[in-house]
Structures are given as structure tokens and as C-alpha cells.
Amino acid sequence: MLNFIEVFDGMEVEPTSGEVVWTGMTGTRAALQRDGFTIDPNAAAYCPTE
């Protein structure tokens, strides 16, 4: 098994248009949820843990 971690793009919903906009941030599911971002489930990627 390779030593990779799953990461996601952080997304925000534009309140006036309802459009989903990329925040420019990428992080783990727990970190993005902690910071109040919505996770795009189709944007999963894998990064080395080191």
C-alpha cells in the first residue's frame, strides 16, 4: 500500500448567485470541514504524506 493521503478542493457557495466557487485551498476532509468549507466530492486527489 502506498503512503498517500486523500485531499479535496475547498469550495464556497456564492450567496448571491448560488454558484460554487473554488477557494484556492486544498486540504483534508477534516481540515476543510473544520474551517467551514464545503467539499467537492468529485475533486478528490491523493498526495504523498511526506
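Worth saying up front: this structure is predicted, and the values here are computed from it rather than measured.

### A few points about the overall build of the protein
Alright, step 1. Summing up its helical and strand segments, the protein has 1 helix and 4 strands in all.
Alright, step 2. The order of α-helices and β-strands along the protein, N terminus first, is β-β-α-β-β.
Alright, step 3. Burial statistics for the protein: of 50 residues in total, 20% are counted as buried.
Alright, step 4. Considering only contacts in the protein between residues 6 or more positions apart, those separated by 24 or more positions represent 49%.

### Here's the deal with the pairing of strand β2 (residues 20–27)
Alright, step 1. Relative to β2, strand β1 (residues 4–13) is paired through 5 bridges, and the arrangement is antiparallel. Bridge pairing links Asp9 to Thr26 in β2.
Alright, step 2. Taken together, β1 and the strand that follows it, β2, pair antiparallel across an intervening segment of 6 residues, in which Gly18 is found at a positive phi of about 80°.

### Some remarks on the confidence of the model for the protein
Alright, step 1. Looking at the protein as a whole, its pLDDT mean stands at 79, while 80% of the residues score no less than 70.
Alright, step 2. Mean pLDDT values over the elements of the protein span from 70, in strand β4 (residues 45–48), up to 85, in helix α1 (residues 29–34).

### Overview of the pairing of β1
Alright, step 1. Summarising the sheet, β1 and strand β3 (residues 38–39) pair through 2 bridges and their orientation is antiparallel. Considered in β3, the bridge of Met11 is made with Thr38.

Calculation notes
- Residue numbers run consecutively from 1 along every chain, following the written order of its sequence.
- In view of the model being predicted, local features appear only for residues whose pLDDT reaches at least 70, and side-chain atom pairs are presented and counted only at 80 or more, with totals across whole chains, interfaces and linings using the full set of residues.
- Side-chain numbers come from the whole structure's heavy atoms, not from hydrogens or water.
- Secondary structure elements are taken from DSSP: a helix is a run of H or I of four residues or more, a strand is a run of E of two residues or more, and numbering for both begins at the N terminus.
- Partly exposed residues are those whose accessible area sits between 20% and 50% of the maximum for their type, while under 20% is buried and over 50% is exposed, using a 1.4 Å probe and protein chains only.
- We call two residues in contact when some of their heavy atoms are within 4.5 Å.
- Note on pairing: DSSP must find at least two bridges between two strands before they are called paired.
- The quantity known as pLDDT measures the predictor's confidence residue by residue, on a range of 0 to 100.

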